Amino acid sequence: MRILVIDDEPAMHESYRQSFAPKDKGESAALSAMAAELFGDDDDVAAPKTDSDAMAFELTHAMQGLDGVAALEKSLADGDPFAVAFIDVRMPPGIDGKETATRIRKLDPNINIVIVTGYSDFSPIEISKAAGPADKIFYIAKPFEVAEVVQTATALAGRWKLDIDLAQAREKLAAQVVELEEKGAELAANESHAVHIANHDSLTEAPNRLAFLRALTERSRGKERFATAMLDLDRFKMVNDTLGHLAGDEMIRSVYQLLNDAVPEGGIVARLGGDEFGILFDTPGEDAAVMACELMLRACSVTLKVFGHSIQASASMGVVVTEAEPVRDPVDVMRRADLALNEAKRAGRGVVRPFDESMDESIRFRRQIESGLSKAIAAGELKLVYQPIVAREGLEIIGFEALLRWNSPEFGPISPGMFIPIAEESNLIHELGDWVLDQSLNEVKNWPDQYVSVNFSPRQFRRQNFVGRVMEQVQLAGVNPARVQIEITETAIFDDADRAADTLYKLRQMGFRIALDDFGTGYSSLYNIRKFALDCLKIDRSFIDGMGRERESAAIVHSIIHLGRALGLGVIAEGVETDAQVQALRLAGASHLQGYFFSRPIDAIEARKMAEARFIEGKDDPGDGPALYDAGHQAGNGTHG
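Report follows, based on the coordinates. Just so we're clear, the structure is a prediction, and the values are computed from it rather than from any experiment.

Conventions and cut-offs
- Residues numbered from 1 in each chain as written.
- Predicted model: local features only at pLDDT ≥ 70, side-chain atom pairs only at ≥ 80, totals over all residues.
- Heavy atoms only, no water.
- Helix = DSSP H or I, 4+ residues; strand = E, 2+ residues; numbered from the N terminus.
- Buried < 20%, exposed > 50% of the residue type's maximum accessible area, 1.4 Å probe, protein only.
- Areas by Shrake-Rupley, 256 points an atom, 1.4 Å probe, with all protein chains shown as cover.
- Pairing = 2+ DSSP bridges.
- Axes fitted to C-alpha atoms, helices over the stretch in contact; angles between N-to-C directions.
- Contact = heavy atoms within 4.5 Å.
- Salt bridge = Lys/Arg side-chain N within 4 Å of Asp/Glu carboxyl O.
- Core = buried A, V, L, I, M, F, W, Y, C linked by side-chain atoms within 4.5 Å.
- Phe/Tyr/Trp six-rings, centres within 6.5 Å; stacked < 30°, edge-to-face > 60°.
- Lys NZ or Arg CZ within 6 Å of the ring centre and 35° of its normal.
- Polar contact = N/O pair within 3.5 Å; in protein donor to acceptor, adjacent residues only side chain to side chain.

Within the protein, the regular secondary structure consists of 22 helices and 21 strands. The buried share of the protein, taken over its 641 residues, is 47%. For the protein, the exposed surface amounts to about 31300 Å²; the carbon and sulfur share of it is 52%.

This is the structure we're talking about:
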């Protein structure tokens with residue numbers, strides 16, 4: 001380890017030589033012990049060791065400050081720097097110790113400086129300011145003890161080595177950070193490019209069908225009225241056939257630019273494929289939407305110059321205006337706009353046609369269903385049936401799910417999968433839901449202690465003061481909230497997770513049971529699900545049905561069961577129909593089972609008998625076969641309450 005000694009007295013140089021002369025092992029050990037006592041544990045001030053376990057020092061002597069500065073410059077140029085410099089304060093006739101230390105510090109920020117003086121009138125503070133930082137400048141008084149000088153040199157040399165190693169490590173780390181940042185920027189750029197490609201049409205750079213559907217979904221959930229238009233070029237195939245596909249591509253690019261310039265402010269023009277474009281824009285009403293479409297149609301009905309050829313462009317448009325309420329299915333909105341576009345083509349092309357419900361046979365049927373459903377409650381056409389929920393061990397009936405059925409005089413039995421979505425699009429869902437809850441509460445009072453599980457649609461769940469309304473009905477019926485299980489879907493809670501979490505917390509505080517229905521079919525976050533106040537997860541019947549045929553379904557079922565157990569939740573397997581499914585689900589750890597293997601949905605009288613019996617008759621072991629299985633029914637009847 002190299003040490004620089006700067007002093008104008010020859011006797012002092014001799015003292016340094018004797019101090020740093022090689023010692024025997026006993027002396028070296030004593031010095032190491034003194035170092036540990038003075039500067040802390042050896043681990044904190046680790047110094048390099050020679051083969052003899054003692055630090056070797058190489059001294060360079062200078063009689064004046066300028067000589068010392070020159071020696072330092074040479075050492076740096078040679079790439080062999082000093083670890084420590086011992087500097088006398090007064091060295092006439094040259095520069096003093098303060099100036100020497102200042103110049104040395106400017107040349108080498110890493111060197112440790114020790115000021116050695118026998119005078120009491122020098123200012124350590126001034127020297128520290130000039131040659132600091134303070135943790136790299138130290139002081140020893142003359143005359144010094146050999147051990148004091150050697151120990152100081154040993155500790156500071158060790159520290160100098162550590163500082164050098166640390167600086168190199170930091171430099172290496174900084175280089176790695178820069179490299180990582182560069183790679184991160186490259187990955188971000190690649191990701192951005194990939195996202196752009198995934199959402200844009202390669203020919204026109206317009207948003208593509210995926211981006212259009214995403215934008216349509218966002219607008220469908222908003223609070224503003226908007227228009228969705230579909231545009232198709234007239235006789236585009238003729239251009240491709242006569243002038244070639246390159247001319248057709250150029251025409252597509254030109255039409256897109258014309259549409260993009262003419263779309264109302266804030267609107268979106270997307271290329272959906274071929275010569276079809278989708279357009280979204282806000283509008284105050286249908287008349288304004290049709291007018292805006294006519295302006296866009298006029299803008300692109302021009303003569304285009306394509307590769308020296310004149311092409312007369314024209315197009316047809318269909319448009320549908322979507323109200324803020326209720327929330328519409330984006331795919332259905334596009335379907336309606338397409339129906340309007342087809343009508344425009346049938347009308348002779350080059351025109352705009354707004355959507356009319358007469359264009360859609362299915363809409364007329366939906367209106368008939370809606371009209372009939374509004375009268376069904378008063379006419380006594382609705383009824384509830386109940387399907388038992390059994391515990392895995394012992395197959396005890398612990399509850400019943402209330403399922404709604406409608407037998408229409410006009411259409412006959414109608415699946416809940418058909419009439420519930422129609423009710424969901426109107427305020428009928430609230431009237432229907434209130435009736436179902438009232439009927440369920442009246443019936444649960446006839447059972448010994450089982451609970452009733454009632455389905456609530458997303459729109460019901462988002463209803464203003466939902467908790468208060470449910471609690472009011474339960475109190476009026478005189479039913480303990482603990483005997484009511486509220487079933488909701490993932491869609492209901494994840495549309496507005498914060499509000500849903502607050503609602504579920506209030507319901508749980510009041511004593512209600514909470515089940516997350518059809519789990520695994522939605523888009524729930526496994527991280528966020530922890531914050532919801534739930535009692536159990538219900539595995540969707542589609543996964544149970546696929547367990548014996550699809551490895552994926554079995555894996556999903558096992559994952560949901562393990563997730564539920566990890567979160568301290570019950571897990572109800574719906575749609576259980578076979579003994580093999582029962583055995584597999586029990587082994588997997590499902591806490592409760594429900595399905596046609598145990599019982600079809602039954603009327604209130606039969607449900608009371610089962611509730612009184614408490615256990616599935618004759619089924620001490622699931623292998624005994626179904627007691628109340630009705631082979632004439634199918635599991636997919638649809639459920640809702």
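A few words on the sheet that holds strand S2 (residues 58–62). As summarised here, the arrangement of the five strands in space is S2-S1-S3-S4-S5, forming an open sheet in which the pairing is parallel. Every other strand in the sheet has two partners, leaving S2 and strand S5 (137–141) as the edge strands with one partner each. With direction set aside, neighbouring strand axes in the sheet form an average angle of 20°. Alignment of strand S3 (residues 84–88) against strand S4 (residues 112–117), held across five bridges, turns out to be parallel. The partner of Ala85 across the bridge, within S4, is Ile113. Sitting on the sheet, helix H1 (residues 10–19) touches strand S1 (2–6), S2, S3 and S4, and the angle it makes with S2 is about 180°.

In the structure shown here, the tally under the stated rule is 34 salt bridges. Arg159 is the salt-bridge partner of Asp135, the closest N and O atoms lying 3.1 Å from each other. Residue Asp135 is located in the loop between helix H5 (124–131) and S5, and its partner Arg159 is located in helix H6 (residues 146–199); the two are separated by 24 residues in the primary sequence. On the accessibility criterion, Asp135 (41% relative accessible area) is partly exposed. Its salt-bridge partner being Asp449, residue Arg614 comes within 3.1 Å of it at the nearest N-O pair. Here Arg614, found in the segment after helix H22 (604–613), pairs with Asp449, found in the loop between helix H14 (428–444) and strand S16 (451–455); they are 165 residues apart in sequence, far enough to count as distant. Taking the relative accessible area as the measure of exposure, Arg614 reaches 26% and is therefore partly exposed. One network of salt bridges, with partners in common, ties together Asp135, Lys136, Arg159 and Asp163.

Attention now goes to the sheet that holds strand S8 (residues 276–282). Across the sheet, which stays open at both edges, the five strands sit in the order S7-S8-S6-S11-S12 with mixed pairing between neighbours. The open sheet terminates on both sides in strands that have one partner only, identified here as strand S7 (268–273) and strand S12 (352–354). The average angle at which neighbouring strand axes cross in this sheet is 20°, direction not considered. Pairing analysis gives five bridges linking S7 to S8, with the strands arranged antiparallel. Bridge pairing links Ile268 to Leu280 in S8. Lying over the sheet, helix H10 (residues 286–300) contacts strand S6 (226–233), S8, strand S11 (315–322) and S12, oriented at roughly 155° with respect to S11.

The biggest cluster of nonpolar side chains holds 83 residues, and the ones touching the most others in it are Leu504, Phe532 and Leu585. Looking at this core element by element, the count peaks at eight residues for H14.

The next thing to look at is unusual backbone geometry. Glycine aside, residues mostly have negative phi, and peptide bonds are mostly found in the trans state. Of note, the bond from Pro92 into Pro93 is cis; its omega dihedral lies within 30 degrees of zero at 5°. In this structure, Pro93 sits in the loop between S3 and helix H4 (97–107). Backbone torsion omega between Lys142 and Pro143 reads -10°, so that peptide bond is classified as cis. Relative to the assigned elements, Pro143 resides in the loop between S5 and H6. Of note in the backbone geometry, Arg235 takes a positive phi value of approximately 55° without being a glycine. By relative accessible area, Arg235 is classed as partly exposed at 49%.

Before going further, it helps to examine the packing of aromatic side chains. Scanning the model with the defined rule gives ten aromatic pairs in all. Where Tyr16 meets Phe86, the ring centres are 5.5 Å apart and the plane angle is 50°; that geometry is what we call tilted. Taken together, the positions of Tyr16 in helix H1 and Phe86 in strand S3 put the pair 70 residues apart, joining distant regions of the chain. Look at Phe597 and Phe598: their rings are 5.2 Å apart centre to centre, the planes differ by 85°, and that puts the pair in the edge-to-face class. Seen from the ring of Tyr451, Arg513 lies directly overhead, with NZ or CZ sitting 4.1 Å from the centre.

Structurally, Asp332 can be placed in helix H11 (residues 330–346). A polar contact of 2.7 Å, which involves the side chain of Asp332, links it to the side chain of Arg335. A distance of 2.9 Å separates polar atoms of two side chains, one belonging to Asp332 and the other to Arg336.

Another aspect to go through is the pairing of S1. With five of five residues buried, S1 lies mostly within the body of the structure. Side chains Arg2, Leu4 and Ile6 project from S1 onto one buried face, and the interleaved Ile3 and Val5 project onto a second face that is buried too. Note: S1 against S2, five bridges, orientation parallel. For Ile6, the partnering residue across the bridge sits in S2 and is Ala62.

To continue, consider the environment of Phe512. By secondary structure assignment, the location of Phe512 is in the loop between helix H18 (497–509) and strand S18 (513–519). Exposure remark for Phe512: the relative accessible area of 2% places this residue in the buried category. In sequence terms Phe512 and Arg483 are 29 residues apart; their C-alpha atoms lie 7.2 Å from each other. When neighbours within four sequence positions are excluded, Phe512 is seen to be in contact with Val470, Met471, Val474, Pro481, Val484, Ile486, Leu507 and Asp535.

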